[in-house]
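# Coordinate inspection notes
Below are the chains, spelled out letter by letter.
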Amino acid sequence: MSDETGSCAIYPSLRGRSVFITGGGSGIGESLVRHFCAQGSRVAFVDMAVEPSRQLVAAVAAQGHPEPLFIPCDLRNVEALQAAVEQARDRNGPIQALCNNAGNDDRHQTADVSVAYWDDRMAVNLRHQFFAAQAVRPQMKALGGGSIINFGSITWMVGDPDCPAYVTAKAAVYGMTRALARELGPERIRVNCMVPGWVMT
Ligand SMILES: NC(=O)c1ccc[n+]([C@@H]2O[C@H](COP(=O)([O-])OP(=O)(O)OC[C@H]3O[C@@H](n4cnc5c(N)ncnc54)[C@H](O)[C@@H]3O)[C@@H](O)[C@H]2O)c1
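Residues numbered from 1 in each chain as written. Predicted model: local features only at pLDDT ≥ 70, side-chain atom pairs only at ≥ 80, totals over all residues. Heavy atoms only, no water.

### Observations concerning helix 1 (residues 27–38)
Given 3.6 residues per helical turn, the α-helix brings residues three or four places apart onto the same face. Which entries qualify depends on this criterion: Here a strand is any run of E in DSSP of at least two residues, a helix any run of H or I of at least four, and the numbering for each starts at the N terminus. Here the expected span of a helix is defined as 1.5 Å times the quantity of residues minus one. Burial here depends on accessible area, computed with a 1.4 Å probe over protein chains only, as a share of the maximum for the residue type. Under 20% is buried, over 50% is exposed, and the range in between is partly exposed. In what follows, residue pairs with any heavy atoms lying within 4.5 Å of each other are defined as contacts.
Here helix 1 is twelve residues long and its end C-alpha atoms lie 17 Å apart, about the 16 Å a rise of 1.5 Å per residue gives. Residues of helix 1 that are buried: Gly 29, Glu 30, Leu 32, Val 33, Arg 34, Phe 36, Cys 37 and Ala 38. The elements touched by buried residues of helix 1 are strand 1 (18–22), strand 2 (42–47), helix 2 (50–62), strand 4 (97–100) and strand 5 (146–151). Following helix 1 by one or two positions, Gly 40 has its phi on the positive side, about 85°.

Here it is in structure tokens:
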């Protein structure tokens, strides 16, 4: 685990903010957890990787930042995700920011893709983003607004040939973001798609 939060700017509006992060146990999600905690936000995160997630909670607490809540969850199980959102609200207050970060870019070729594998890739890279947004929406609406950040990918823009199911799911994240932004915008819920560059995780 790295700790790159030492010299970050402080944004007072993030202090005390209730933030829910998917896939927060490692990679980009770990950095999101560390940085929101360094801002004094109240963070809950879900991940299926239990041990690194527990280590992250301990490391953040050791730095004197607010301890994040880790909820073990396989996001392919939508009911478990919905329960995690409620658990996060009970501990941190209504969720004000959702980072739909979890994903997996397992390499594959078209000829090798079964129906089960296709469905699994959609469940890992697309479906949970929609249902997380659906689950936090009433909380954000009651608060008068919120922010949903969906993690996309440049792979569909460049036509990456190494993982067509992942590329399809990430292209759908972009379309989903535009549809939700229109629907939730009048409730002052911003919905954006974040497209990272190449990050070695
Ligand atoms: N790293 C990059 O270069 C890059 C580029 C473009 C987009 N992205 C996107 O950014 C996001 C984060 O990428 P990353 O590189 O940190 O990924 P990563 O694989 O390093 O980490 C993903 C995290 O999500 C968790 N996760 C995966 N599937 C899960 C599931 N079913 N249930 C619960 N947790 C699950 C993993 O355990 C892990 O902690 C992803 O959506 C990815 O598609 C990454």
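### So, the nonpolar core
Let me state the cut-off plainly: The definition of a nonpolar core used throughout is a set of buried Ala, Val, Leu, Ile, Met, Phe, Trp, Tyr and Cys residues joined through side-chain atoms within 4.5 Å.
Ranked by internal contacts, the top residues of the largest apolar core, which has 30 residues, are Phe 20, Leu 98 and Ile 148. At the level of elements, strand 2, strand 3 (69–72), helix 3 (78–92), helix 4 (115–143), helix 6 (164–184) and strand 6 (189–194) are the ones that each hand at least two residues to this core. Per element, the largest residue contribution to this core is seven residues, and it comes from helix 4. What Phe 20 contacts, discounting residues up to four positions off in sequence, is Ala 44, Val 46, Leu 81, Ala 84, Val 85, Ala 88, Ile 95, Ala 97, Leu 98 and Cys 99. Listed in part, the 16 residues of the second largest apolar core include Leu 14, Ile 21, Phe 36 and Val 43.

### A few points about a nonpolar patch on the surface
In plain terms, the rule: A patch consists of residues exposed above 30% relative accessible area that lack any salt bridge, with like charges linked at up to 9 Å and nonpolar side chains (Val, Leu, Ile, Met, Phe, Trp, Tyr) linked at up to 5 Å. Each accessible area is a Shrake-Rupley result for a 1.4 Å probe, and residues are judged covered by the shown protein chains and nothing else. Salt bridges are counted wherever a side-chain nitrogen of Lys or Arg sits within 4 Å of a carboxyl oxygen of Asp or Glu.
A cluster of nonpolar residues, Ile 154, Met 157, Val 158 and Val 195, forms a patch on the protein surface that exposes about 350 Å² of accessible area. Looking at Val 195, the relative accessible area reads 32%, which means it is partly exposed.

### Quick word on the pattern of salt bridges
Pairing between side chains of opposite charge can happen when the charged atoms of each approach one another. Evaluated as defined, the whole model comprises ten salt bridges. Among the ionic pairs, Glu 30 bridges to Arg 34, the shortest N-O distance being 3.0 Å. Remark: Arg 34 and Glu 30 occur in helix 1; sequence separation between them is four residues, near one turn of the helix. Residue classification places Arg 34 among the buried residues on the basis of a relative accessible area of 4%. Ionic pairing is found between Asp 120 and Arg 121, a salt bridge with its closest N-O pair at 2.7 Å. Taken together, the shared-partner salt bridges in this structure form one network comprising Asp 74, Arg 76, Asp 120 and Arg 121.

### Observations regarding the pairing of strand 1
Worth spelling out the cut-off: Two strands are counted as paired when DSSP detects at least two bridges linking them. A crossover gets the label right-handed when its path from the first strand over the helix to the second runs clockwise, viewed with the strands pointing away from the viewer.
Burial analysis of strand 1 places five of its five residues in the buried class, which makes it a mostly covered element. In terms of strand pairing, strand 1 meets strand 2 through five bridges, oriented parallel. Bridged to Ile 21 within strand 2 is Phe 45. In this region the chain leaves strand 1, passes through helix 1 and returns to the parallel neighbour strand 2; the handedness of that crossover is right-handed. When strand 1 meets strand 4, the two strands line up parallel, connected through three bridges. Within the sheet, the bridge partner assigned to Ile 21 lies in strand 4 and is Cys 99.

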